[in-house]
Amino acid sequence: MVLRRRRDPGPDGGWWYLLQISLWGRLELPGGRVVAEPAPVETWAPAEVCEPLDGQDYAEVPTERPDHSSAWLLEEPVGGGEVLVVHRGDCAAPRGVTRPAAVEEVRQAVADGAVVCPVCRPPGL
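The notes below deal with the structure included here. Just so it is clear, the structure is predicted and the values come from calculations on it, not from any experiment. (Residues numbered from 1 in each chain as written. Predicted model: local features only at pLDDT ≥ 70, side-chain atom pairs only at ≥ 80, totals over all residues. Heavy atoms only, no water.)

What follows concerns the nonpolar core. Among soluble globular proteins, nonpolar side chains are generally buried collectively. Of all hydrophobic cores here, the largest spans seven residues; its members are W72, L74, V86, A101, V106, A109 and A114. Taken together, the elements giving at least two residues each to this core come down to β4 (72–76) and α1 (103–111). (Core = buried A, V, L, I, M, F, W, Y, C linked by side-chain atoms within 4.5 Å. Buried < 20%, exposed > 50% of the residue type's maximum accessible area, 1.4 Å probe, protein only. Helix = DSSP H or I, 4+ residues; strand = E, 2+ residues; numbered from the N terminus.)

The subject of this paragraph is the environment of S22. Counting through the fold element by element, S22 comes out in strand β2 (residues 15–28). Here S22 falls in the exposed class, since its relative accessible area comes to 54%. C-alpha of S22 to C-alpha of P40: the two residues are 18 residues apart in sequence and 4.4 Å apart in space. Each residue touching S22, except ones within four places of it in the same chain, is listed here: P38, A39 and P40. (Contact = heavy atoms within 4.5 Å.)

Overall, the coordinates contain four salt bridges when judged by the stated rule. A salt bridge links E28 to R26; the nearest nitrogen and oxygen atoms lie 3.4 Å apart. Here E28 and R26 have matching classes, each one exposed. The partner of D90 in a salt bridge is R88, with the nearest N and O atoms 3.1 Å apart. The exposure class assigned to R88 is partly exposed, which follows from its relative accessible area of 33%. If you follow the salt bridges from partner to partner, you end up with E76, R99 and E105 in one network. (Salt bridge = Lys/Arg side-chain N within 4 Å of Asp/Glu carboxyl O.)

Even without a glycine there, the phi angle at R121 is positive, about 40 degrees. Among the secondary structure elements, R121 is positioned in the segment after β7 (115–116).

The four strands lie next to each other as β6-β4-β5-β7, forming an open sheet whose pairing is mixed. Edge positions in the sheet fall to β6 (97–100) and β7, since each has one partner strand and no second. Bridge count for β4 against strand β5 (residues 85–88) is four bridges, and the pairing is antiparallel. Considered in β5, the bridge of L73 is made with H87. This element, α1, spans β4, β5 and β6 of the sheet and lies at about 45 degrees to β4. (Pairing = 2+ DSSP bridges. Axes fitted to C-alpha atoms, helices over the stretch in contact; angles between N-to-C directions.)

Here is the structure:
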């Protein structure tokens with residue numbers, strides 16, 4: 001499953017995908033019983049080595065580079081319990097799901113408790 005993508009800030013600027021696959025893992029139950037159970041594993045892979053899997057729906061996965069990036073990104077952390085994070089549009093630090101945002105939306109998010117990224121430190125907020 002593809003969780004998200006991000007652009008590499010390096011000189012090539014290629015796309016990377018955060019993938020999640022299930023591998024069999026060892027689970028020890030109370031009483032010493034051991035069973036095999038699927039365990040999710042996440043890893044980043046460059047787009048050029050990723051191929052679609054039969055039976056998977058990729059309708060929501062972006063496959064083309066945008067002509068321009070948004071000036072702002074809002075990061076919605078995966079797993080809940082965390083706060084919204086505001087990033088510059090070119091920031092490579094997000095680990096959760098990001099979406100482009102207009103400046104008004106970003107300012108409202110900050111007013112509602114969102115934090116600014118400590119890496120890109122978006123100005124003017």
